[in-house]
Amino acid sequence: MQRTRFGDMACSIARTLDVIGEPWSPLILRNVMVGIGRFDHLQQSLGISRKVLTERLRWLVDNDVLERRQYSERPPRYEYALTVKGTELCDLLMVMVRWGDRWTAGEAGPPVLYRHHACGEIGHVELHCSVCDRPMDVTGIDILPGPGAAITT
């Protein structure tokens, strides 16, 4: 069976899933975001096979989400860091965290808290309109075709 090419679809959600839709990728990004960037540390903290981790890291580097940085010459060793593109994907992860904290954390509560640098307070991500700064969610929007929409006849 051939894998569907989500990256070829005229849909930003599908194209994003093509890059990070495989379950290990967001977890790798999460770990790199918190400072776990060396291969052995990633492998150990995630409990992922070396083969799968190698494949996922290669994919994320090839898609400019992560970059490899050499930290040792003898023997050659590399660590992974977020690119600008990867940092923006971590914003998406923070929205996923908010949903997970609300719907899956259970009685124990969230496993991690986020302190906002600007105000010093513990907070969570809220979506706001980039034009009027009011809260924005799916119940308050219309979905319209954009310039990159697929044209069907």
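Not measured: the values here are computed from a predicted model. (Residues numbered from 1 in each chain as written. Predicted model: local features only at pLDDT ≥ 70, side-chain atom pairs only at ≥ 80, totals over all residues. Heavy atoms only, no water.)

### Describing the overall build of the chain
(1) Moving on: Tallying secondary structure elements over the chain gives five helices and four strands in all.
(2) Moving on: Seen in sequence order, the chain has helices and strands lined up from the N terminus as α-α-α-α-β-β-α-β-β.
(3) Moving on: Within the chain, the fraction of its 153 residues that count as buried is 20%.
(4) Moving on: Considering only residue pairs separated by 6 or more positions, the chain has 37% of its internal contacts joining residues 24 or more positions apart.
(5) Moving on: Here the chain has roughly 11,900 Å² of accessible surface; of this, 55% comes from carbon and sulfur atoms.
(6) Moving on: Across the chain, the centroid of the 18 positively charged side chains sits 7 Å from that of the 19 negatively charged ones. (Helix = DSSP H or I, 4+ residues; strand = E, 2+ residues; numbered from the N terminus. Buried < 20%, exposed > 50% of the residue type's maximum accessible area, 1.4 Å probe, protein only. Contact = heavy atoms within 4.5 Å. Areas by Shrake-Rupley, 256 points an atom, 1.4 Å probe, with all protein chains shown as cover. Lys, Arg positive; Asp, Glu negative; His and termini not counted. Charge placed at Lys NZ, Arg CZ, Asp CG, Glu CD.)

### Considering the environment of Gly-86
(1) Moving on: Position of Gly-86 among the secondary structure elements: in helix α5 (residues 84-103).
(2) Moving on: Between the C-alpha atom of Gly-86 and that of Arg-115, which follows or precedes it by 29 residues, the distance is 20 Å.
(3) Moving on: If near-sequence neighbours (up to four positions away) are discounted, Gly-86 is found in contact with Asp-64 and Val-65.

### Points about the packing of helix α3 (residues 39-46) against helix α4 (residues 50-62)
The geometry of a pair of packed helices is captured by two quantities: the angle between their axes and the separation between those axes.
(1) Moving on: Between α3 and α4, whose axes approach to 10 Å, the crossing angle comes to 120°. By the angle between their axes, α3 is oblique relative to α4. In this structure, the crossing between α3 and α4 has a hand that is right-handed. Every residue of α4 that contacts α3 at Phe-39, Asp-40, Leu-42 and Gln-43 is listed here: Arg-50, Leu-53, Thr-54 and Leu-57.
(2) Moving on: Looking at the contact of α3 with α4 residue by residue, the class counts come to four nonpolar, two polar and two charged. (Axes fitted to C-alpha atoms, helices over the stretch in contact; angles between N-to-C directions. Parallel < 35°, antiparallel > 145°, perpendicular 65-115°, else oblique. Left-handed = near helix turned anticlockwise from the far one by under 90°. Nonpolar A, V, L, I, M, F, W, Y, C, P; charged D, E, K, R; others polar.)

### Points about the packing of aromatic side chains
(1) Moving on: The tally for this structure, following the rule as stated, stands at zero aromatic pairs.
(2) Moving on: Directly above the ring of Tyr-71 sits Arg-38, whose terminal nitrogen or CZ lies 3.6 Å from the centroid.
(3) Moving on: Note that Arg-68 overlies the ring of Tyr-78, its terminal NZ or CZ placed 3.7 Å from the centroid. (Phe/Tyr/Trp six-rings, centres within 6.5 Å; stacked < 30°, edge-to-face > 60°. Lys NZ or Arg CZ within 6 Å of the ring centre and 35° of its normal.)

### Comments concerning the side chain of Asn-63
(1) Moving on: Within the secondary structure, Asn-63 sits in the loop between α4 and β1 (66-72).
(2) Moving on: In this structure Asn-63 touches Val-19 and Lys-85, once residues within four positions along its chain are discounted.

### Details of the layout of surface pockets
(1) Moving on: Taken as a whole, the largest pocket encloses approximately 830 Å³ of empty space.
(2) Moving on: Every residue lining the largest pocket is counted, 21 residues in all, and those nearest its centre are Ser-12, Ile-13, Thr-16, Leu-92 and Leu-127.
(3) Moving on: Examining the composition of the lining of the largest pocket, we find that six residues originate from one element, helix α1 (residues 12-20), more than from any other.
(4) Moving on: The class makeup of the residues in the lining of the largest pocket is 14 nonpolar, four polar and three charged. (1 Å grid on protein atoms, 1.4 Å probe; cavity = no way out; pocket = protein on both sides within 12 Å on 5 of 7 lines; lining within 4 Å. Points joined across faces, edges and corners; volume = space filled by probe spheres on them.)

### Describing the UniProt feature "domain: HTH hxlR-type" (unreviewed entry) in the chain
(1) Moving on: The feature "domain: HTH hxlR-type" (unreviewed entry), as annotated in UniProt, sits at residues 11-108 in this numbering.
(2) Moving on: Along residues 11-108 the backbone is 61% helical and 13% strand, and the end-to-end C-alpha distance reaches 37 Å. (UniProt positions renumbered as here; feature names shortened; annotations may be inferred.)

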